[in-house]
Amino acid sequence: MLTARRGFATAIDYTSMAVPLGLLAVTAVLRRRRHPGRPLPEPSPKKVRLLVAAGLTLPLSAALAATEAAGGSLGKRAMKLTLRDEAGAELPSYAQALTRSLLKTALPWELGHQAVWEFRADNTRRGAVLAGGAYLALGLQAAAILRGRPTYPDRVAQTRVTSA
């Protein structure tokens, strides 16, 4: 039962993290409709890659870590789960929660995001490697959860997910 609850909690967390991205997309579309004839500046792909990582991925991961260190993310609270320090029953430190969040969320997101940019630039081999890395990171997490074992983010951060 813990396995299904962890899966639902992750789905809730990822959905809640997609909301700011959706708002950003809606804002961009509305802005474009307001000025349809104005040509858009062509941003440098390197700058966009960096801005997305620094302006979206890292802040969202930091926010997720803050909720985890304070008793649980939105998904965990909804599914009556909590994140604990591996050594005891107390909540993890922010550093532990941030480490876990970066490995659990930011790593696969950024690998996938960078893969898209490589595919757009016709660097299919590099894009395939990056996409494969993203799928591997997510697959390893899913396999550990399905087997009732700690995920690699939990092992590195020395945390565990328990029933609240």
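Residues numbered from 1 in each chain as written. Predicted model: local features only at pLDDT ≥ 70, side-chain atom pairs only at ≥ 80, totals over all residues. Heavy atoms only, no water.

Visitor: Talk me through the packing of aromatic side chains; I want residue IDs and the actual numbers.
Guide: Tallied over the full model, the rule gives zero aromatic pairs. One residue, Arg 120, lies across the ring of Trp 117, its end atom 5.0 Å from the ring centre. (Phe/Tyr/Trp six-rings, centres within 6.5 Å; stacked < 30°, edge-to-face > 60°. Lys NZ or Arg CZ within 6 Å of the ring centre and 35° of its normal.)

Visitor: How would you summarise helix 5 (residues 124–146) if you had to cite specific residues and measurements?
Guide: Residues that lie three or four places apart on an α-helix share one face, since the helix turns once every 3.6 residues. Between its terminal C-alpha atoms helix 5 stretches 32 Å, which fits the 33 Å expected from 23 residues at 1.5 Å a residue. All of the buried residues along helix 5 are Gly 127, Ala 131, Ala 134, Ala 137, Gln 141, Ala 144 and Ile 145. Count one or two residues on from helix 5 and you reach Gly 148, which has phi positive near 75°. (Helix = DSSP H or I, 4+ residues; strand = E, 2+ residues; numbered from the N terminus. Expected span 1.5 Å × (residues − 1). Buried < 20%, exposed > 50% of the residue type's maximum accessible area, 1.4 Å probe, protein only.)

Visitor: Before we move on, could you go through the pairing of strand 1 (residues 81–85) and cite the residues and values that matter?
Guide: The buried fraction of strand 1 amounts to four of the five residues, a majority that puts the element mostly inside the structure. In terms of strand pairing, strand 1 meets strand 2 (residues 159–163) through five bridges, oriented antiparallel. Counterpart to Arg 84 in the pairing with strand 2 is Arg 160. (Pairing = 2+ DSSP bridges.)

Visitor: If you had to explain unusual backbone geometry to someone new, which residues and values would you point to?
Guide: Of note in this structure, Lys 80 is not a glycine but carries a positive phi near 55°. Mapped onto the fold, Lys 80 is located in the loop between helix 3 (74–78) and strand 1. One non-glycine residue with positive phi stands out, namely Asp 122, at about 65°. Residue position: Asp 122 is located in the loop between helix 4 (94–120) and helix 5.

Visitor: Could you give me a rundown of a positive patch on the surface, with the residues and numbers involved?
Guide: A cluster of like positive charges, contributed by Arg 31, Arg 32, Arg 34 and Arg 38, occupies part of the molecular surface. Following the sequence through the fold, Arg 32 ends up in helix 1 (residues 2–34). For Arg 32, a relative accessible area of 31% translates into the label partly exposed. (Patch = residues over 30% accessible without salt bridge, like charges linked within 9 Å, V, L, I, M, F, W, Y side chains within 5 Å. Areas by Shrake-Rupley, 256 points an atom, 1.4 Å probe, with all protein chains shown as cover. Salt bridge = Lys/Arg side-chain N within 4 Å of Asp/Glu carboxyl O. Lys, Arg positive; Asp, Glu negative; His and termini not counted. Charge placed at Lys NZ, Arg CZ, Asp CG, Glu CD.)

Visitor: Go over the packing of helix 1 against helix 2 (residues 45–69) with me, naming the residues and quoting the values.
Guide: At a closest axis distance of 11 Å, the pairing of helix 1 and helix 2 adopts a crossing angle of 140°. Taken together, helix 1 and helix 2 sit at an angle that is classed as oblique. As helix 1 packs across helix 2, the resulting crossing turns out to be right-handed. Where helix 1 approaches helix 2, its residues Asp 13, Met 17, Pro 20, Leu 21 and Leu 24 are matched on the opposing element by Leu 56, Leu 60 and Leu 64. Among the residues making up the contact of helix 1 with helix 2, the classes are represented as seven nonpolar, no polar and one charged. (Axes fitted to C-alpha atoms, helices over the stretch in contact; angles between N-to-C directions. Parallel < 35°, antiparallel > 145°, perpendicular 65-115°, else oblique. Left-handed = near helix turned anticlockwise from the far one by under 90°. Contact = heavy atoms within 4.5 Å. Nonpolar A, V, L, I, M, F, W, Y, C, P; charged D, E, K, R; others polar.)

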